[in-house]
Amino acid sequence: MRIMIDKGLLLALGAALALTGPHPAALDAVFIAGLLAVVCASALAEWLMGSHHAWIPVCLMSVAAVACPSWVAFMTPVAYDAARARVPESLTDPLRSALRWMWIVPVLRTLVDGSIDMASLTAAAPVAVAVCASFAFGSRASMAERLRSDLNAFEDRARDAARSNRVRLADLSEERDRSVRMATLAERTRIAREIHDNVGHLLTRAIMQVEAGKAVADATNDAVAGRGFDEVGVTLHDAMTMVRRSVHDLEDEGTDFGARIDDAVRSFDGATAGFSVALANGIDSAPAPVARAFATIIRESLTNVVRHSDAPGASVTLRDFPAFWQLVVRDGGPAKARVNHDGDPGGDDGLPRGMGVADIESRARQLGGSATCGPYGGGWRVFVSVPKDRWNDKASGNDKESDNADQPRRNP
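Residues numbered from 1 in each chain as written. Predicted model: local features only at pLDDT ≥ 70, side-chain atom pairs only at ≥ 80, totals over all residues. Heavy atoms only, no water.

A.B. asks: I'd love a proper account of the packing of helix α3 (residues 55–67) against helix α4 (residues 75–84), names of residues and values included.
C.D. replies: The geometry of a pair of packed helices is captured by two quantities: the angle between their axes and the separation between those axes. Where α3 contacts α4, the axes come no closer than 10 Å and their chain directions differ by 145 degrees. Pair α3 / α4 crosses with left-handed handedness. Between α3 and α4, the residues in contact are Val58, Met61, Ser62 and Ala65 and Met75, Val78, Asp81 and Ala82, respectively. The residue makeup of the contact of α3 with α4, split by class, is six nonpolar, one polar and one charged. (Axes fitted to C-alpha atoms, helices over the stretch in contact; angles between N-to-C directions. Helix = DSSP H or I, 4+ residues; strand = E, 2+ residues; numbered from the N terminus. Left-handed = near helix turned anticlockwise from the far one by under 90°. Contact = heavy atoms within 4.5 Å. Nonpolar A, V, L, I, M, F, W, Y, C, P; charged D, E, K, R; others polar.)

Encoded structure:
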C-alpha cells in the first residue's frame, strides 16, 4: 500500500508539472494515452518486482517516452520502478547498467530537443529534476526493503538459534537428571548386593550353627541350652527377615521401571526369524511389585506368541490412567495348529486355560487387578488392569504387598 501511494504521488507530480509548466501540455488523447500507459507499465513492473523481469515494462515505457516526448512527464513512477527492479546478473555489466539507467534517455531527449535555449531548458528542467528525484526516492525505498528483509532474516535466525539453544539446554538438563538417577539406582543396587553377599551369608551360617547346637542340646537332653538356642534362633530369623526386606527394598528402588520393561521386551526381538516387538510405554514409574509383575506377564505373553503363533511380531502397550495401570500384549496371528497357548484342552468356556495364562491371571489378582486372555482380531490378546488405590498409602503394608506380589522370593 505504501508503494502504491508513493507511485500515485509521483505520477500526480509529473502530471501537474506537465500541465502547469511554462509550456503546458495539452490535455488531449495523447496525454490520456500516456497516463494510461504509465499506469499499466507501473502495475506490471510491480507485479514482476519479485522476479528478474521487472525491468521489461520500465524499458518499454522508456522507449515509448522517447517516441512520444510529451510522455516524459509520466516517467516519475517509471524511474521509481527502475531503481527497485532487479536486473539479471547473468547479463554483462554494461548491459545491466544500460537497462538500469534506460529511464534517463527520454529525459535527456527532452532537454536537448530541438535547439538548446533557455526557454526549453526552463520548461524541461522541473520534469527532469522530478524524474531524477523519483529515481533517488526509489533507490532509497529499495535499500529500505533490503534492510527490512535482512532484519527479518536476522530475527528469524535469532529465533531459531534461541529455540535450538532452549531445546539443547532442556536435553542437557534431562540427560543430567537421567544420569543422576541412574547413578543413584546403581548405587542402591550395589548396596543391596553387598548386604546380600556379606551380611546375608553370615546370618545364614549363624542360623545353621544355632540349629546344629540346638540338635546337640536336644540329643543330650540339655533343656537350658535348647531354650537358649531357640531364643538365639528366633533372633537370627528376625534379623534375616529384616535383612531380606532391606535387600528387596533397595533392589526395588534401584530398578528403573522403564529399563525393566524394556529389558523384558527387547529380549524377544529376533526370537524367531523376522520377529519383532513394538513397545509403547506410557508409564513413567510404578511400584516395584507392579513393575515385576508386568515384566513377568510380558515375558510369559511373548513366550506364548513365539511358541504358538505365526505372527511376524507383537505389540506391547502400557498406559497410565488416573485410577489404574493398563498392560496390553497383542499379536496379529495367525495361530499355529494348536488347541491353545499351553497345550491345554481349554476351560469350560472353550478358551485356553494353560499354566501360562493361569500364572498371568494369578499375578494380576495378587496386585488387586484383573487379566483377560483370549482371541482378538485374528490373533491373541492379553489385557491386564491394575488399580492404583492400594498403592496410595505406601506406609501401610508395603512390605507385605512386595512379598506377595512376587512369589517365590529368593533368600539372600
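A.B. asks: Report on the nonpolar core, specifying residues and quantitative values.
C.D. replies: Ranked by size, the top nonpolar core spans 35 residues in total, and within it Phe294, Val316, Leu327 and Val384 carry the most contacts. For this core, the secondary structure elements donating two or more residues are α9 (257–266), α10 (288–308), β2 (313–320), β3 (324–331), α11 (355–366), β4 (370–376) and β5 (379–387). Element by element, the count of residues in this core is highest for α10, at nine residues. Not counting the four nearest positions on each side in its chain, Val384 is found in contact with Phe294, Ile297, Trp325, Gln326, Leu327, Ile360, Ala364, Ser370 and Ala371. In terms of nonpolar packing, the next biggest core, distinct from the first, is built from 25 residues, Ala15, Ala73, Phe74 and Ala83 among them. (Core = buried A, V, L, I, M, F, W, Y, C linked by side-chain atoms within 4.5 Å. Buried < 20%, exposed > 50% of the residue type's maximum accessible area, 1.4 Å probe, protein only.)

A.B. asks: Got a sec to walk through the sheet that holds strand β1 (residues 276–281)? Specific residues and values, please.
C.D. replies: Strand order across the open sheet formed by five strands is β1-β2-β3-β5-β4, with mixed pairing between neighbours. The open sheet has two free edges, formed respectively by β1 and β4, since each of these has just one partner strand. Across the sheet, the mean angle from the axis of one strand to that of its neighbour is 10 degrees, orientation sign disregarded. In the sheet, β1 pairs with β2 via six bridges, with the strands oriented parallel. Across the sheet, residue Ala280 finds its bridge partner in β2, namely Thr317. Packing against the sheet, α10 makes contact with β1, β2, β3 and β5, and its axis sits at approximately 15 degrees to β3. Lying over the sheet, α11 contacts β4 and β5, oriented at roughly 145 degrees with respect to β4. (Pairing = 2+ DSSP bridges.)

A.B. asks: Give a detailed account of the UniProt feature "transmembrane region" (unreviewed entry) in the protein, specifying residues and quantitative values.
C.D. replies: The sites that UniProt annotates as "transmembrane region" (unreviewed entry) are residues 53–74 and 118–138. With 59% helix and 0% strand, residues 53–74 has its two end C-alpha atoms placed 21 Å apart. (UniProt positions renumbered as here; feature names shortened; annotations may be inferred.)

A.B. asks: If you had to explain unusual backbone geometry to someone new, which residues and values would you point to?
C.D. replies: The omega torsion of the bond from Gly333 to Pro334 falls at 5 degrees, within 30 degrees of zero and hence cis. Structurally, Pro334 is set in the loop between β3 and α11. The phi torsion at Asn221 lies on the positive side, around 60 degrees, for a residue other than glycine. Secondary-structure assignment places Asn221 in the loop between α7 (118–219) and α8 (223–253). The class of Asn221 is exposed, set by a relative accessible area of 69%.

A.B. asks: I'd love a proper account of the pattern of salt bridges, names of residues and values included.
C.D. replies: Scanning the model with the defined rule gives seven salt bridges in all. In this structure, Arg163 engages Asp160 in a salt bridge whose closest nitrogen and oxygen atoms are separated by 2.9 Å. Note that Arg163 and Asp160 are positioned in helix α7 at a spacing of three residues, about one turn of the helix. Of the residues examined, Asp160 reaches a relative accessible area of 42% and is grouped as partly exposed. With a shortest N-O distance of 2.7 Å, Asp218 and Lys214 are connected by a salt bridge. Here Asp218 and its partner Lys214 are both found in helix α7, four residues apart, which amounts to about one turn of the helix. Sharing partners across several salt bridges, the network here consists of Lys214, Asp218 and Asp230. (Salt bridge = Lys/Arg side-chain N within 4 Å of Asp/Glu carboxyl O.)

A.B. asks: Would you mind going over α4 in detail, with residue names and values included?
C.D. replies: Helical geometry note: an α-helix holds 3.6 residues per turn, so side chains three or four residues apart project in the same direction. Here α4 lies mainly inside the structure; 10 of its 10 residues are buried. For α4, every residue scored as buried is listed here: Met75, Thr76, Pro77, Val78, Ala79, Tyr80, Asp81, Ala82, Ala83 and Arg84.

A.B. asks: Describe the confidence of the model for the protein, listing the residues and the values that go with them.
C.D. replies: On average, residues of the protein score 76 in pLDDT, and 80% of them are at 70 or above. This stretch, residues 114–118, has a pLDDT under 50; its non-local contacts, to residues over four places away or in other chains, come to two contacts. Across residues 395–412, confidence stays below pLDDT 50; counting only partners more than four residues off in sequence or on other chains, it has 32 contacts. (pLDDT = per-residue confidence, 0-100.)

A.B. asks: Give me helix α2 (residues 29–47): which residues, what numbers.
C.D. replies: For α2, spanning 19 residues, the distance from its first C-alpha to its last is 27 Å, which sits close to the expected 27 Å at 1.5 Å a residue. Regarding α2, the residues found buried are Phe31, Gly34, Val38, Ala41, Ser42 and Ala45. Along α2, the residues classed as buried sweep out an arc of 100 degrees about the axis, all on the same side. Those residues of α2 that are exposed and aimed more than 90 degrees away from the buried face are Ala29, Leu36, Cys40 and Trp47. (Expected span 1.5 Å × (residues − 1). Arc of directions from axis to C-beta.)

A.B. asks: Tell me what's going on with the pairing of β2, and back it up with residues and numbers.
C.D. replies: Handedness of the crossover is the feature at issue here: the chain leaves β1, passes through α10, returns alongside β2, and the resulting connection is left-handed. Summarising the sheet, β2 and β3 pair through seven bridges and their orientation is antiparallel. Bridge assignment links Ala314 to a residue of β3, and that residue is Asp331. In textbook terms, the turn of a hairpin is the stretch between consecutive antiparallel strands, and for β2 and β3 this stretch comprises three residues. (Right-handed = clockwise from strand over helix to strand, strands pointing away.)

A.B. asks: Can you lay out the packing of α9 against α10 for me, pointing to particular residues and giving the numbers?
C.D. replies: Relative to each other, α9 and α10 sit at 10 degrees, their axes nearing to 9 Å. Between α9 and α10, the crossing angle belongs to the class labelled roughly parallel. Along this stretch, α9 crosses α10, giving a crossing that reads as right-handed. Taking contact as the criterion, the partners of Phe257, Arg260, Ile261, Asp263, Ala264 and Val265 in α9 are, on α10, Ala288, Ala291, Arg292, Phe294, Ala295, Ile298, Arg299 and Leu302. When grouped by side-chain class, the residues that make up the contact of α9 with α10 number 10 nonpolar, no polar and four charged. (Parallel < 35°, antiparallel > 145°, perpendicular 65-115°, else oblique.)

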